[in-house]
Amino acid sequence: MAQLLVDVTPFKPTIREAKGRPGVFEVEGVMQRATAENQNGRVYSKELLQREAKKYVEEFVKRGNAFGELDHPETPVVSLKNASHIVKELYWKGNDLMGKVELLNTPAGNIVKEIIKAGSVQQTNEGTLEVQPDFELVCWDFVSNPSTHGAFMNPVSLNEGKAKVSKYNSLNSIINDILRA
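Definitions and limits used
- Residues numbered from 1 in each chain as written.
- Predicted model: local features only at pLDDT ≥ 70, side-chain atom pairs only at ≥ 80, totals over all residues.
- Heavy atoms only, no water.
- Helix = DSSP H or I, 4+ residues; strand = E, 2+ residues; numbered from the N terminus.
- Buried < 20%, exposed > 50% of the residue type's maximum accessible area, 1.4 Å probe, protein only.
- Contact = heavy atoms within 4.5 Å.
- Areas by Shrake-Rupley, 256 points an atom, 1.4 Å probe, with all protein chains shown as cover.
- Core = buried A, V, L, I, M, F, W, Y, C linked by side-chain atoms within 4.5 Å.
- Pairing = 2+ DSSP bridges.
- Expected span 1.5 Å × (residues − 1).
- Arc of directions from axis to C-beta.
- Phe/Tyr/Trp six-rings, centres within 6.5 Å; stacked < 30°, edge-to-face > 60°.
- Salt bridge = Lys/Arg side-chain N within 4 Å of Asp/Glu carboxyl O.

Colleague: Account for the overall build of the protein, with residues named and values stated.
Modeller: Along the protein, the regular secondary structure elements total 3 helices and 8 strands. Ordered by position from the N terminus, the helices and strands of the protein form the series β-β-β-α-β-β-β-α-β-β-α. Classification of the 181 residues of the protein by burial places 39% in the buried group. Summarising the internal contacts of the protein: among those between residues at least 6 apart in sequence, 72% fall at separations of at least 24. With an accessible surface of roughly 10700 Å², the protein has 53% of that area assigned to carbon and sulfur atoms.

Colleague: Could you give me a rundown of the environment of Lys54, with the residues and numbers involved?
Modeller: Tracing the sequence through the fold places Lys54 in helix α1 (residues 46-61). Along the chain, Lys54 and Leu90 lie 36 residues apart, while their C-alpha atoms are 8.8 Å from each other.

Colleague: I'd like a description of the environment of Val87, backed by residues and values.
Modeller: The topology assignment puts Val87 in strand β5 (residues 83-93). Each C-alpha atom, one on Val87 and one on Val27, is 9.8 Å from the other, the two residues being 60 residues apart in sequence. When residues no more than four places from it in sequence are discounted, the contact partners of Val87 are Met31, Tyr56, Val61, Ala66, Lys100, Val101 and Trp140.

Colleague: Describe the nonpolar core, listing the residues and the values that go with them.
Modeller: The biggest cluster of nonpolar side chains holds 22 residues, and the ones touching the most others in it are Met31, Tyr56, Val87, Leu90, Val101, Trp140 and Phe142. The set of elements that each furnish at least two residues to this core consists of β2 (25-33), α1, β5 and β6 (96-103).

Colleague: Can you tell me about the pairing of β5, naming the residues and giving the values?
Modeller: Relative to β5, strand β4 (residues 67-69) runs antiparallel, the two sharing 3 bridges. From the neighbouring strand, Gly68 faces β5, where its bridge partner is His85. The pairing of β5 with β6 spans 8 bridges and is classified as antiparallel. Note on β6: the bridge partner recorded for Glu89 is Lys100. Here β5 folds back onto β6 in antiparallel fashion, the turn holding 2 residues, of which Gly94 has a positive phi close to 65°.

Colleague: Can you break down α1 residue by residue, with the values?
Modeller: Between its first and last C-alpha, α1 extends only 20 Å over 16 residues, short of the 22 Å set by a 1.5 Å rise per residue. Where α1 is concerned, the buried positions are Leu48, Leu49, Glu52, Ala53, Tyr56, Val57 and Val61. Angularly, the buried residues of α1 cover 160° about the axis, an arc narrow enough to put them on a single face. In this structure, α1 carries Glu47 and Lys54 as exposed residues pointing more than 90 degrees from its buried face. The inward-facing, buried residues of α1 contact β2, β4, β5 and β6.

Colleague: Tell me about the packing of aromatic side chains, residues and numbers included.
Modeller: Using the criterion set out here, one finds 1 aromatic pair in the structure. When the ring of Tyr56 is compared with that of Phe60, the centres are 5.2 Å apart and the planes differ by 35°; the resulting orientation is tilted. Here Tyr56 and its partner Phe60 are both found in helix α1, 4 residues apart, which amounts to about one turn of the helix. A residue is classified by how much of its surface remains accessible, and Phe60, at 27% relative accessible area, is partly exposed.

Colleague: Any chance you could break down the pattern of salt bridges for me, citing the residues and the numbers?
Modeller: As enumerated under the stated definition, the model contains 5 salt bridges in all. Between Lys88 and Glu102 there is a salt bridge, and its shortest N-O distance comes to 3.9 Å. In this pair, Lys88 sits in strand β5 while Glu102 sits in strand β6, placing the two residues 14 residues apart along the sequence. Beyond isolated ion pairs, a larger network of salt bridges with shared partners links Arg51, Glu52 and Lys55.

Colleague: Any chance you could break down unusual backbone geometry for me, citing the residues and the numbers?
Modeller: Positioned with a positive phi, Thr35 is a non-glycine residue whose angle comes to about 65°. For Thr35, the position within the fold is in the loop between β2 and β3 (42-43).

As structure tokens, this is what we get:
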């Protein structure tokens, strides 16, 4: 049985709203890097990452269920109650596996949005370990201490959605204030 390996990827502190989709926020950038040591001291061959990325696209991305969590999941199964994002696209630029990720309007997704708006993360370095062929790609997560050097997410879209003003907006606000009191 394969052991659960935990690796993390940093993201650039900017997001933008998806074109023609108000309120939907995306980031784009390096998801993983082949043939380079990451901060967990691991090296993934390009062949291995290509195999797993292809399988991940077929099994998850194309089916619309490539969800990820904020921080590492405790098991290889992504918990939907902790979902912060969904991977929409993967592609290669040299040895960099790039991706487009949609941030979900969930508590965890909103935390990611605010973290991205607030600033970047710090990186550290460790010893070397080579990842073996029993590796299985499960998901990518937004975490506070990433392992892949220079894997930054770049903005695809960011525009705060404009709420329609109606007589119900202020009523909803009053009801929410009462319920939260």
